[in-house]
Amino acid sequence: MRRVTTTNETTSNVQPQPARSATGASLRVLCAVWMASTALVTLAPVTSFAGDLIVDGQTITINSPQAADNAIVGYAQPGRLDVVSGGTLTVSHDFASGGVADGTVTISGGGTITTDRLFVGSDLGATKSTITISGNGSSLTASGDSYLGEGGSNGTLTVSGGGAATFGGLLYIGAQSGSSGTVTVSGSGSTLTTVGGGIIVGSAGAGALTISDGGQVSSVNGVLIGDNLGAQGTVTVSGSGSKLTAGGSIVVGNSGTGTLAVSSGGAVNAGQIFIGDGLGGTGTVTVSGSGSKLTVSGAYRDFYVGGRGQGTLTIANGGVVESPGFVFVGGYFTSSGTVTVSGSGSTLAADRGLIVGFEGTGTLTVSNGGVAQANGGILIASNAGSTGT
């Protein structure tokens, strides 16, 4: 039996629910006997809670250690959960902000939430479900896969002011068709890290990742932007100190539509980069402004503008793109690639070589003081059937 103390010192008895492991669609069955109320509820200190935490039609503040099997904020009615200084919530299985109603979750003042899987917006009624992590020491950790935007919902994650989000599995931003996911990492010391999987921005839905004002995002594996057919993914990295790092490949437009914009001193680093990689994929990358830089530095070291799809790379106003390997513009038979380098200080540097039209169709334009250089030489239409300009 669970005791909940309200702000007016009254108490309500709450019957815990049996433990279960829920998927995104089945989170709705976590309905239970939490008292629907608009009152502010502060949970008394506990070390464990053998059941599910349902925040439904009420606001709950956690300022002490709490634990649950599963947790959902906004099951059938909008709900709010605030984890503040001294507060920790440990969830054994699934944590969701937004079921068939919207959920609002804030983590501040050094509060923490730890869970296995994470869902932000898990059903059609969750039109603006959010999780906000702000302030030094405030953190969210999910050891399993995480999903923003499922079942026609919209999910938003914001990390600011030195907050941290860490993911042990894949992070899907815009997971399902008809859904959208948005992630913003802003401010010096604010971080988002995947330690056991990659980041997919626009898996089957619409996804957006914004890194600004010194925020940093790091993926131990790769980053896919616009993964599946019909998906749309957008990544923006802007401002000095803002950085996106991928231990594996960054793919902009796999089979969907992907956009990557680096500006105002932002930086992107990856083991390999593909723009317009898969059949039907369309990718656009822009690197603009002094100090803005896109770098390939991994073991594979190559850069493809048009792998099997359509790729466009624009370097302008002092932006820099560097690869220690080859840069292929129009890589394979079905591809087309276009590269424009324009403006003083704008540079494309390919150490091993620059190939314009490898098997596909490639176009390179250098103007207004831009520079394209390759220590290994520049080849135009290198294979039979290719076209290079």
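Residues numbered from 1 in each chain as written. Predicted model: local features only at pLDDT ≥ 70, side-chain atom pairs only at ≥ 80, totals over all residues. Heavy atoms only, no water.

### Describing the packing of aromatic side chains
As enumerated under the stated definition, the model contains seven aromatic pairs in all. Ring centres 5.0 Å apart and planes at 10° place the aromatic pair Phe-274 and Tyr-304 in the stacked group. Here the residue Phe-274 occupies a position in strand E29 (residues 267–275), and Tyr-304 occupies one in strand E32 (residues 303–305), the gap between them amounting to 30 residues. With 6.0 Å between their ring centres and 15° between their planes, Tyr-304 and Tyr-332 make a pair best called stacked. One end of the pair, Tyr-304, is in strand E32; the other, Tyr-332, is in the loop between strand E35 (326–329) and strand E36 (336–342), with 28 residues separating them in the sequence. The exposure class of Tyr-332 is partly exposed, given its relative accessible area of 27%. By way of ring pairs, the aromatic residues Phe-274, Tyr-304, Phe-326, Phe-328, Tyr-332 and Phe-358 are connected into one cluster. (Phe/Tyr/Trp six-rings, centres within 6.5 Å; stacked < 30°, edge-to-face > 60°. Helix = DSSP H or I, 4+ residues; strand = E, 2+ residues; numbered from the N terminus. Buried < 20%, exposed > 50% of the residue type's maximum accessible area, 1.4 Å probe, protein only.)

### Focus: the environment of Val-296
Looking at where Val-296 falls in the secondary structure, it is placed in strand E31 (residues 293–296). On the accessibility criterion, Val-296 (2% relative accessible area) is buried. For Val-296 and Ala-270, which are 26 residues apart along the polypeptide, the C-alpha to C-alpha distance reads 5.1 Å.

### Some thoughts on the side chain of Ser-292
With respect to the helices and strands, Ser-292 occurs in the loop between strand E30 (282–288) and E31. Within the local environment of Ser-292, its side chain forms a polar contact with the backbone nitrogen of Ser-264, the two atoms lying 3.1 Å apart. (Polar contact = N/O pair within 3.5 Å; in protein donor to acceptor, adjacent residues only side chain to side chain.)

### Some remarks on the pairing of strand E15 (residues 139–142)
Bridging between strand E12 (residues 112–115) and E15 involves four bridges; their strand directions are parallel. Residue pairing for E15: Thr-114 is matched across the bridge by Thr-141. Summarising the sheet, E15 and strand E18 (residues 164–167) pair through four bridges and their orientation is parallel. In the strand pairing of E18, Ser-139 is matched with Ala-164. (Pairing = 2+ DSSP bridges.)

### Observations regarding the nonpolar core
Membership of the largest hydrophobic core comes to 69 residues, with the highest contact counts inside it found for Phe-95, Ile-131, Leu-157, Leu-192, Ile-250 and Phe-303. Contacts of Phe-95, omitting those with residues within four sequence positions, involve Ala-71, Val-73, Leu-81, Leu-89, Val-105, Ile-113, Thr-115, Arg-117, Leu-118, Phe-119 and Ile-131. (Core = buried A, V, L, I, M, F, W, Y, C linked by side-chain atoms within 4.5 Å. Contact = heavy atoms within 4.5 Å.)

### Let's talk about the pattern of salt bridges
Taken as a whole and assessed by the stated rule, the structure comprises three salt bridges. With its nearest N and O atoms 3.0 Å apart, the salt bridge here joins Arg-80 to Asp-82. For Asp-82, a relative accessible area of 11% puts it in the buried group. Between Glu-322 and Lys-293 there is a salt bridge, with the nearest N and O atoms lying 3.3 Å from each other. In this pair, Glu-322 is assigned in strand E34 (residues 320–323) and Lys-293 in strand E31, connecting sequence segments 29 residues apart. (Salt bridge = Lys/Arg side-chain N within 4 Å of Asp/Glu carboxyl O.)

### Overview of the environment of Ser-64
Mapping Ser-64 onto the fold places it in the loop between strand E5 (59–62) and strand E6 (65–68). Here Gln-66 takes part through its side chain, which lies 3.0 Å from a polar atom of the side chain of Ser-64.

### Considering the pairing of E36
For strand E33 (residues 310–316) and E36, the ladder comprises seven bridges, and the chain directions are parallel. Paired with Thr-314 across the strands is Thr-340, a residue of E36. Two elements, E36 and strand E39 (residues 361–367), share seven bridges in a ladder whose sense is parallel. Bridging across to E39, Val-341 finds its partner in Val-366.

### Here we look at the environment of Lys-243
Tracing the sequence through the fold places Lys-243 in strand E27 (residues 243–252). Among the residues examined, Lys-243 registers a relative accessible area of 33% and is labelled partly exposed. Between the C-alpha atom of Lys-243 and that of Val-217, which follows or precedes it by 26 residues, the distance is 6.3 Å. With near-sequence residues (within four places) excluded, Lys-243 lies in contact with Ile-211, Gly-215, Gln-216, Val-217, Val-237, Ala-267 and Asn-269.

### Some words on unusual backbone geometry
The residue Asp-213 is not glycine, and still its phi comes out positive at about 55°. The phi dihedral of Ser-264 is positive, around 55°, even though this residue is not glycine. For Ser-264, the position within the fold is in the loop between strand E28 (257–263) and E29.

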